[in-house]
Amino acid sequence: MSHKIEVRPARSQDVKAIRALTAPYVERGLLVSKPPVSYYESLPEFLVACDADGEVIGCGAVHVMWKGLGEIRTLAAAPAWRGRGVGHRLVDALMARARQLGLWRLFCLTFEVDFFAAHGFTPIEGIPVSHKVFEQLMRSHDDGVAEFLDLARVKPNTLGNTRMLVHLDGEPAGRHRHSHLKCEL
Ligand SMILES: CC(C)(COP(=O)(O)OP(=O)(O)OC[C@H]1O[C@@H](n2cnc3c(N)ncnc32)[C@H](O)[C@@H]1OP(=O)(O)O)[C@@H](O)C(=O)NCCC(=O)NCCS
């Protein structure tokens, strides 16, 4: 990889660039449409990729949903940079961030199945949380959580997407990595 790409935590000044680079994908229904304030509110979840001049050329976020469980969301590479390694760099960094946050399972909802499979994500059926956790997650106002729960109100966002999950190192001993273990309360 010859392009010099730096991945760093996002700053509030980056929101304009994050919105600009995600806009074409939001328009095509690849990413969920969110008001500007949502980007500011969720800024601590975001990492950005920058080129050698410091321009923001990619972004992605880790959203914590429950104990040990999070989601990679709003992953995007600027159109001119697609296919040049930005996405893979961001996913590596987001997975490292997820481990720091004490997560051992990461979910994503995507059309980019092969891309995420390269990072160990596999397609899942159903919703891998216990009934009790499901009930608690239902209290969230977050659309991404609603998508994870496969709720009817967000069906237009999820249609055609694949639900994928990866187990990270650091999963507590005693858990079976390849079963779809239900999160506990
Ligand atoms: C998914 C996405 C973030 C990947 O970012 P990226 O920087 O293009 O990804 P990379 O360059 O790291 O890897 C893309 C792969 O496709 C290949 N590729 C080649 N040309 C490509 C092109 N024009 N566009 C995309 N990928 C291309 C790359 O070589 C690489 O192959 P590999 O996985 O075998 O290594 C990016 O395509 C994107 O922004 N998509 C729209 C938003 C989206 O769907 N996000 C996911 C929602 S969870």
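Being a predicted model, the structure only gives us computed values, none of them experimental.

Definitions and cut-offs
- Sequence order as written defines the numbering, with residues in each chain counted from 1.
- The model is predicted, so local features are restricted to residues of pLDDT at least 70 and side-chain atom pairs to those at 80 or more, both for listing and for counting; the totals for chains, interfaces and linings are taken over all residues.
- Helix and strand assignments come from DSSP, with helices taken as H or I runs of at least 4 residues and strands as E runs of at least 2, each series counted from the N terminus.
- It is over C-alpha atoms that the radius of gyration is taken, and the globule rule equals 2.2 Å times the number of residues to the power 0.38.
- Should the C-beta atom of a residue, placed from the backbone, lie within 6 Å of a molecule or strand, that residue is near it.
- Classes in brief: Ala, Val, Leu, Ile, Met, Phe, Trp, Tyr, Cys and Pro nonpolar; Asp, Glu, Lys and Arg charged; the others, Gly included, polar.
- Strand pairing follows a simple DSSP-based rule, namely that at least 2 bridges must link the two strands.
- We call two residues in contact when the distance between their C-beta atoms, placed using the backbone, is within 7 Å.
- In this description, a line fitted to the C-alpha atoms serves as the axis of each element, helices being fitted only across the stretch in contact, and the angle between N-to-C directions of two axes falls anywhere from 0 to 180 degrees.
- Here exposure depends only on C-beta density: within 10 Å of a residue's C-beta, 20 or more other C-beta atoms make it buried, 12 or fewer make it exposed, and intermediate numbers make it partly exposed, the C-beta atoms being placed from the backbone.
- Handedness of a crossover is defined as follows: orient the strands so they point away from the viewer, and if the path from the first strand over the helix to the second runs clockwise, the crossover is right-handed.
- To estimate the expected span of a helix, count its residues, drop one, and scale the result by 1.5 Å.
- Two axes enter the bend calculation: one fitted to the seven residues ending at the residue in question, the other to the seven starting there, and the bend is the angle between them.
- For this analysis, nonpolar core means a set of buried Ala, Val, Leu, Ile, Met, Phe, Trp, Tyr and Cys residues linked through C-beta atoms within 7 Å.

**Observations concerning the overall build of the protein chain**
Here comes step 1: For the protein chain, the helix and strand inventory stands at seven helices and seven strands.
Here comes step 2: Listing each helix as α and each strand as β along the protein chain from the N terminus yields β-α-α-β-β-β-α-β-α-β-α-α-α-β.
Here comes step 3: In terms of overall dimensions, the protein chain is globule-like: its C-alpha atoms have a radius of gyration of 16 Å, near the 16 Å expected for 185 residues.
Here comes step 4: For the protein chain, the spread of C-alpha atoms along the principal axes amounts to about 45 × 35 × 30 Å.

**Remarks on the site of the ligand**
Here comes step 1: In the neighbourhood of the ligand, 20 residues make up the surrounding shell, with Ala77, Gly83, Val86, Gly87 and His88 lying closest.
Here comes step 2: Those elements that place two or more of their residues in the shell around the ligand are strand E4 (69-77), helix H3 (86-100) and strand E5 (105-110).
Here comes step 3: Classifying every residue of the shell around the ligand by side-chain character gives 12 nonpolar, five polar and three charged.

**What to know about the sheet that holds strand E7 (residues 162-167)**
Here comes step 1: Pairing in this open sheet of seven strands is mixed, and the strands run E1-E2-E3-E4-E5-E7-E6 from one edge to the other. Looking at which strands have only one partner, the edges of the open sheet turn out to be strand E1 (6-9) and strand E6 (122-123).
Here comes step 2: One ladder, built from seven bridges, connects strand E3 (residues 56-66) with E4; its direction is antiparallel. Residue pairing across strands places Val64 opposite Gly70, the latter belonging to E4.
Here comes step 3: The sheet strands contacting helix H1 (residues 15-27) are strand E2 (46-50), E3 and E4, and the helix crosses E3 at an angle near 85°.
Here comes step 4: This element, H3, spans E1, E2, E3, E4 and E5 of the sheet and lies at about 30° to E3.

**Looking at the pairing of E5**
Here comes step 1: The buried fraction of E5 amounts to five of the six residues, a majority that puts the element mostly inside the structure.
Here comes step 2: As paired strands, E4 and E5 are joined by three bridges and run parallel to one another. Bridged to Gly70 within E5 is Leu106.
Here comes step 3: Of the crossover connections in this fold, the one passing from E4 over H3 to the parallel E5 is right-handed.
Here comes step 4: By the bridge criterion, six bridges tie E5 to E7 in an arrangement that is antiparallel.

**Digging into H1**
Here comes step 1: With 13 residues, H1 extends 17 Å from end C-alpha to end C-alpha; this agrees with the ideal 18 Å at 1.5 Å per step.
Here comes step 2: The largest bend in H1 is about 35°, located at Leu21, with the proline Pro24 one to four residues further on.
Here comes step 3: Those residues of H1 that sit buried are Val15, Ile18, Leu21 and Thr22.
Here comes step 4: Buried residues along H1 sit against helix H2 (36-41), E2, E3 and E4.
Here comes step 5: Gly29 occupies a position one or two residues after H1 and carries a positive phi of about 80°.

**So, unusual backbone geometry**
Here comes step 1: Despite not being glycine, Thr74 has its phi angle at roughly 50°, a positive value.
Here comes step 2: Its place among the elements puts Thr74 in strand E4.

**With respect to the environment of Pro9**
Here comes step 1: With respect to the element layout, Pro9 can be found in strand E1.
Here comes step 2: For Pro9, a count of 13 C-beta atoms within 10 Å translates into the label partly exposed.
Here comes step 3: C-alpha of Pro9 to C-alpha of Lys34: the two residues are 25 residues apart in sequence and 20 Å apart in space.

**Focus: the nonpolar core**
Here comes step 1: One finds Ile18, Val48, Cys59, Leu94 and Cys108 to be the most contacted residues of the largest nonpolar core, which totals 39 residues.
Here comes step 2: Among residues more than four places away in sequence, those in contact with Cys108 are Glu71, Ile72, Phe116, Phe121 and Met164.

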